[in-house]
Amino acid sequence: MSNIPSILKGLRLPVIGAPLFIISNPKLVIAQCKAGIVGSMPALNARPASLLDEWLAEITEELASYNASHPEKPAAPFAINQIVHKSNDRLEHDVELCKKYKVPLIITSLGAREDVNAEIHSYGGIVMHDVINNTFAHKAIDKGADGLIAVAAGAGGHAGTKSPFALIQEIRGWFNGPLALSGSIATGDAILATQAMGADFAYIGSPFIATNEANAVEGYKQAIVDCTSDDIVYSNLFTGVHGNYLAPSIRAAGLDPNELPESDPSKMNFSGGAKPKSWKEIWGAGQGIGAIHEITDTGEFVEKLYKEYVAAKERLQLIG
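So, a few notes on the structure that sits alongside this text. Keep in mind the model is a prediction, meaning the values are calculated, not measured.

1. Here's the deal with the environment of N133
And then number 1: Within the element layout of this structure, N133 appears in the loop between β5 (126-131) and α5 (134-142).
And then number 2: Sequence separation between N133 and I171 is 38 residues, and the spatial gap between their C-alpha atoms is 8.6 Å.
And then number 3: When near neighbours in sequence (up to four residues on either side) are disregarded, N133 contacts K162 and L167.
And then number 4: Only 3.2 Å separates the side chain of N133 from the backbone nitrogen of T135, close enough to count as a polar contact.

Rendered as structure tokens:
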């Protein structure tokens with residue numbers, strides 16, 4: 001058994017909703033938490049920076065009110081994603097707000113920093129860092145992260161290229177802390193498979209784009225429904241870091257998905273300007289979207305995952 005922090009125990013489903021740039025907002029986070037999974041959003045989604053204070057107040061107050069009314073079935077905790085890359089000039093400001101509201105879980109991305117981890121630990125928060133290989137996993141834990149998110153091939157956004165089997169088995173060879181797996185997970189069967197291979201949690205993002213609570217235009221939501229893994233393009237052109245994107249949105253921007261140039265990683269920028277606009281025009285998505293067939297409420301989608309998860313467990317028991 002893994003050493004799981006108490007705040008991550010007792011979830012209805014072993015799922016962390018991935019923070020979706022631009023897409024995730026308090027409405028989606030609250031719905032995810034009320035449905036029994038960890039809800040999350042990037043701190044950078046709050047623009048201007050002062051809006052983050054209002055959003056964190058809204059989330060904490062709404063979940064506290066819900067828990068007071070539903071002591072028998074409290075909401076899951078929520079998480080905030082912090083981009084710790086040097087291009088993020090808001091990091092110090094956003095971390096201070098997370099300390100103010102004692103955000104239970106912080107998800108760090110694009111670099112691991114001891115000082116950020118120490119700030120989160122100062123109030124009892126937990127840090128999970130996303131990694132695309134075993135080398136980065138070692139570095140994250142060495143710098144004080146409590147857990148890891150293994151971003152395998154097929155994940156939406158900034159995905160890696162490793163098979164989930166290889167990535168999980170290598171990390172589990174030395175790490176016994178909380179471990180989530182990201183990469184094409186869109187069904188209850190896949191959640192159970194995630195646990196079977198050694199992870200504690202499934203990290204699910206793209207399917208939540210096709211929910212009524214998501215801050216995505218209707219065309220984006222419908223593309224998640226209409227497209228499959230054949231429509232996913234892996235490129236570093238748009239942010240300087242390789243990621244998975246929907247081919248129809250690339251064509252709509254006047255580009256050929258099959259003839260995209262390479263980008264300079266040093267040009268990464270997550271603080272504003274043209275780069276966030278790229279996410280609005282070029283839509284990120286993972287390879288698991290072929291399992292999404294309709295736009296639904298978040299609670300309905302989580303309920304579907306739960307029923308599939310239970311059915312998968314029962315099916316395996318019958319086989320055994």
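2. Here's the deal with helix α11 (residues 298-319)
And then number 1: In this model, α11 (22 residues) spans 32 Å end to end at C-alpha, consistent with the 32 Å of a helix rising 1.5 Å per residue.
And then number 2: Along α11, the positions that sit buried rather than exposed are T298, F301, V302, L305, Y309 and A312. Along α11, the residues classed as buried sweep out an arc of 95° about the axis, all on the same side. Relative to its buried face, α11 has exposed residues pointing more than 90 degrees away, namely K307, Q317 and L318.
And then number 3: Buried positions along α11 lie against α1 (26-34), α7 (188-196) and β8 (201-204).

3. Some points on the layout of surface pockets
And then number 1: Put simply, the second largest pocket is a space of about 300 Å³.
And then number 2: Classifying every residue of the lining of the second largest pocket by side-chain character gives eight nonpolar, four polar and three charged.

4. Brief notes about the packing of aromatic side chains
And then number 1: All chains considered together, the criterion is met by four aromatic pairs.
And then number 2: With a centroid separation of 5.6 Å and an interplanar angle of 50°, the aromatic rings of W174 and F175 are classed as tilted.
And then number 3: W174 sits in the partly exposed class, given a relative accessible area of 31%.
And then number 4: Seen from their ring centres, F238 and Y245 are 5.0 Å apart, and the 70° between their planes marks the pair as edge-to-face.
And then number 5: Positioned above the aromatic ring of Y306, the side-chain terminus of R12 is 3.9 Å from the ring centre.

Conventions adopted
Residues numbered from 1 in each chain as written. Predicted model: local features only at pLDDT ≥ 70, side-chain atom pairs only at ≥ 80, totals over all residues. Heavy atoms only, no water. Helix = DSSP H or I, 4+ residues; strand = E, 2+ residues; numbered from the N terminus. Contact = heavy atoms within 4.5 Å. Polar contact = N/O pair within 3.5 Å; in protein donor to acceptor, adjacent residues only side chain to side chain. Expected span 1.5 Å × (residues − 1). Buried < 20%, exposed > 50% of the residue type's maximum accessible area, 1.4 Å probe, protein only. Arc of directions from axis to C-beta. 1 Å grid on protein atoms, 1.4 Å probe; cavity = no way out; pocket = protein on both sides within 12 Å on 5 of 7 lines; lining within 4 Å. Points joined across faces, edges and corners; volume = space filled by probe spheres on them. Nonpolar A, V, L, I, M, F, W, Y, C, P; charged D, E, K, R; others polar. Phe/Tyr/Trp six-rings, centres within 6.5 Å; stacked < 30°, edge-to-face > 60°. Lys NZ or Arg CZ within 6 Å of the ring centre and 35° of its normal.

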